[in-house]
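Chains, contacts and geometry: an overview
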Amino acid sequence: MAAEKQYPVPPETAEHALLTREEYDRMYRQSLDDPDTFWSEQAEQFITWFRKWDRVSNNDLTKGQIRWFEGGKLNVSYNCLDRHLETHGDRNAIIWEGDEPGNTRHITYRELHEEVCRLANVLKDRGVAKGDRVSIYMPMIPEAVVAMLACTRIGAVHSIVFGGFSPHALRDRIEDADCRTVITADQGLRSGKPVPLKENVEKAIDGLDSVHTVVTVRHTGNEVTWNPDRDIWYQESLAEASPTCEPEEMDAEDPLFILYTSGSTGKPKGVLHTTGGYLLQASMTFKYVFDYHDGEVYWCTADVGWVTGHSYIVYGPLSNAATSLVFEGVPTYPDAGRFWQVIDDHKVNIFYTAPTAIRSLMGQGEELVKKYSRKSLRILGTVGEPINPEAWEWYYRVVGDERCRIVDTWWQTETGAIMISALPGAIDLKPGSATLPFFGVEPELVDNEGNILDGATDGNLCIARAWPSMMRTIYGDHERFMNTYLTTYAGKYFTGDGARRDEDGYYWITGRVDDVLNVSGHRMGTAEIESALVLHDAVAEAAVVGYPHDLKGQGIYCYVTLVKGVEPNEGLHKELTDLVRKEIGPIAKPDVIQWAPGLPKTRSGKIMRRILRKVATNELDSLGDTSTLADPTVVDELITNRANQ
Ligand code: ATP
Ligand code: MG
């Protein structure tokens, strides 16, 4: 493999950062050697408790029992709002940037607090009580954040469904968690096009009599159908509601939210998170991973429909009294300079996005980036998929002007918070590696029999002990929780991801374990082969899967999307094959390269490799659940192209 580049922490960065390498090492050691002391100190520092806990931790992974801070009482909205009012009441909690450039709103902590209290009272008035589930199906507008916090204020459990999902997917999720209240908007807007949210809710709950209340935010002002027994307008009801509402005292282990995974490997799972441990780790990782300094403007481009939006648009930033930018639009509207324009307009200091966005913008050239100064930027983050070194370098060099630290954050809906990531002032960077574990996180690599592998090696990525923001169960299906995560390697949490650990102890996520190929006895991650393919100028994106091969055990099947304007040809085929051989070695030589105008992706932009595997093996009648695909027609194209190949 090509030599790894390294980017050491510059001394001036270390000097101003919250944590240095020495501090990281010391805290990390303490977090593993004396976890209860460590976590109780952190819990005192990061959270305001109404009552202190009786016991820090009480975990038994073999039984799927995970409990943190039992007996402790707190309220999440109190921690995100009330306690900041005295010192930061006039600070912007949210800067909102709408789909249309120039359409912005600023909402202070005081204003957000008042609005949350009003909505909390409206919900109470409609009979929503502690423990009830509330479905939130919203565009990226400040009211989505209000809805989340209002639920937490009264102890209701929110279940957010991404606004891009179909009525069918929404219905499944409403039914699965038995949500009787839905909060939505008349319409959303994405790249100038309306998304009929209220209409979708109507379809989703048609015949579902258990849903007694639908609260609708008037956003675009279009006509909507109305059922006076069930429907209320957000604006009107809030205007009449009282602006004060006592926060409910919640136990640390009371449920906080349910969130369905993005579905890139199968039927989405209703991941349940609880109150104390989740908030602590969301808050703490936000501060340390992004090296958040008081007063900075922070922007995470995720949607609140994904866990990244939960932990790093809402709970992490707001519990730290940060200013969190909420963006309704898309990276390419009105043009591919949109991100950089927003960064300049609002003087964004910390920017957090996904490799899929970086790769798509990379394809548009550097001019649109260079048009903007981006001089406010200090830290750049990425999450969601392995970032190939090529995209990492572009992010570092072009977006960050070789001045910003990059944090590649590995974590999952299930983990609740960032688990493996660099810390800006403490950890040297290697492009493509998520680097080192966060406090309290004990990664372990195991072979298929569960033997623990030491030193530099690759294997199945497990976490050897429970951490505070770990999911507690799959809602309504503890057995599936056990079987999915805790029984494969008894006593450990199995992530489903494969990883490599290098001589410096750095972790390199190689993709889903299902995506790790075994070619003639050599294990390799699909991510590595993809990284090699995208090094070629003509390649916009690549996805690699394995398929049964008589001689090699598994063969390498590559789907390649070319950049706009490039036509596939034999020469290119050979160049790509040679490139992979050169970068990784002859063993990784592709067996099949299929040109793919588009790749099947989830709504959060992740490639759904299980569909690509089915197409590769021609098992077209067992494609499985495709309801979370952003554009199902891509699959038909792949099938046609395969046939013509
Ligand atoms: P499902 O579990 O339903 O298949 P999903 O795993 O895509 O969906 P998420 O919880 O949103 O749902 O994503 C977590 C996964 O995303 C991780 O398990 C990992 O495969 C990938 N991932 C996230 N961040 C990174 C990262 N920084 N580097 C590599 N992979 C990442
Ligand atoms: Mg997953």
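This text goes with the structure placed above it.
These lines cover the structure that appears in this document, whether it is placed above or below. For clarity, every value in this text was computed on a predicted model and none was experimentally measured.

A few words on the sheet that holds strand β11 (residues 213-217). Across the sheet, 8 strands lie side by side as β12-β11-β8-β6-β7-β14-β15-β24; this open sheet has mixed pairing. Edge positions in the sheet fall to β12 (231-233) and β24 (473-474), since each has one partner strand and no second. Of the strand pairs in this sheet, strand β7 (residues 157-160) and strand β14 (residues 255-260) are connected by 2 bridges, and their pairing is parallel. Among the inter-strand pairings, S159 is bridged to a residue of β14, identified as I258. Against the sheet, helix α8 (residues 167-176) touches β6 (133-137), β8 (181-185) and β14, its axis set at about 165° to β6. Taken strand by strand, helix α9 (residues 197-205) contacts β6, β8, β11 and β12, and its axis lies near 155° from that of β8.

All right, on to the packing of aromatic side chains then. Summed over the entire model, instances satisfying the criterion amount to 43 aromatic pairs. Ring geometry for W467 versus Y493: centroids 5.2 Å apart, planes at 80°, classification edge-to-face. Within this pair, whereas W467 is found in the loop between β23 (457-463) and β24, its partner Y493 is found in strand β25 (residues 493-501), the two being separated by 26 residues in sequence. Taking the relative accessible area as the measure of exposure, Y493 reaches 0% and is therefore buried.

Strand order in the open sheet formed by 7 strands is β5-β4-β17-β16-β18-β19-β20, and the pairing between neighbours is mixed. Each edge of the open sheet is held by one strand with a lone partner, namely β5 (104-108) and β20 (405-408). Each strand axis lies, on average, 20° off the axis of its neighbour in the sheet, ignoring direction. Relative to β5, helix α6 (residues 109-125) is tilted by about 85°, and along the sheet it contacts β4 (92-97) and β5. Packing against the sheet, helix α12 (residues 307-319) makes contact with β4, β16 (297-300), β17 (323-327) and β18 (350-353), and its axis sits at approximately 165° to β16.

This part is about the nonpolar core. Residues F69, L112, L119, L149, F290, L423 and F439 are the most contacted members of the largest nonpolar core, which totals 179 residues. Per-element accounting of this core gives the leading share, 9 residues, to helix α7 (residues 142-154). By size, the runner-up hydrophobic cluster in this structure holds 21 residues, among which are I529, V539, C558 and L572.

Attention now goes to helix α17 (residues 478-486). Within α17, burial applies to F481, M482, Y485 and L486. Buried residues of α17 fall within an arc of 100° about the axis and therefore sit on the same side. Residues of α17 that are buried sit in contact with β24 and β25.

All chains considered together, the criterion is met by 42 salt bridges. One salt bridge connects R133 with D178, and the closest N-O pair in it is separated by 3.9 Å. Of the two residues, R133 is situated in strand β6 and D178 in the loop between α8 and β8; the sequence distance between them amounts to 45 residues. What makes R133 buried here is its relative accessible area of 18%. The shortest N-O distance in the salt bridge between E296 and R378 comes to 2.7 Å. Within this pair, whereas E296 is found in the loop between α11 (276-289) and β16, its partner R378 is found in the loop between α15 (367-370) and β19 (379-382), the two being separated by 82 residues in sequence. Note on R378: relative accessible area 27%, which makes it partly exposed.

How each quantity is defined
Residues numbered from 1 in each chain as written. Chains lettered and ligands numbered in written order. Predicted model: local features only at pLDDT ≥ 70, side-chain atom pairs only at ≥ 80, totals over all residues. Heavy atoms only, no water. Pairing = 2+ DSSP bridges. Helix = DSSP H or I, 4+ residues; strand = E, 2+ residues; numbered from the N terminus. Contact = heavy atoms within 4.5 Å. Axes fitted to C-alpha atoms, helices over the stretch in contact; angles between N-to-C directions. Phe/Tyr/Trp six-rings, centres within 6.5 Å; stacked < 30°, edge-to-face > 60°. Buried < 20%, exposed > 50% of the residue type's maximum accessible area, 1.4 Å probe, protein only. Core = buried A, V, L, I, M, F, W, Y, C linked by side-chain atoms within 4.5 Å. Arc of directions from axis to C-beta. Salt bridge = Lys/Arg side-chain N within 4 Å of Asp/Glu carboxyl O.

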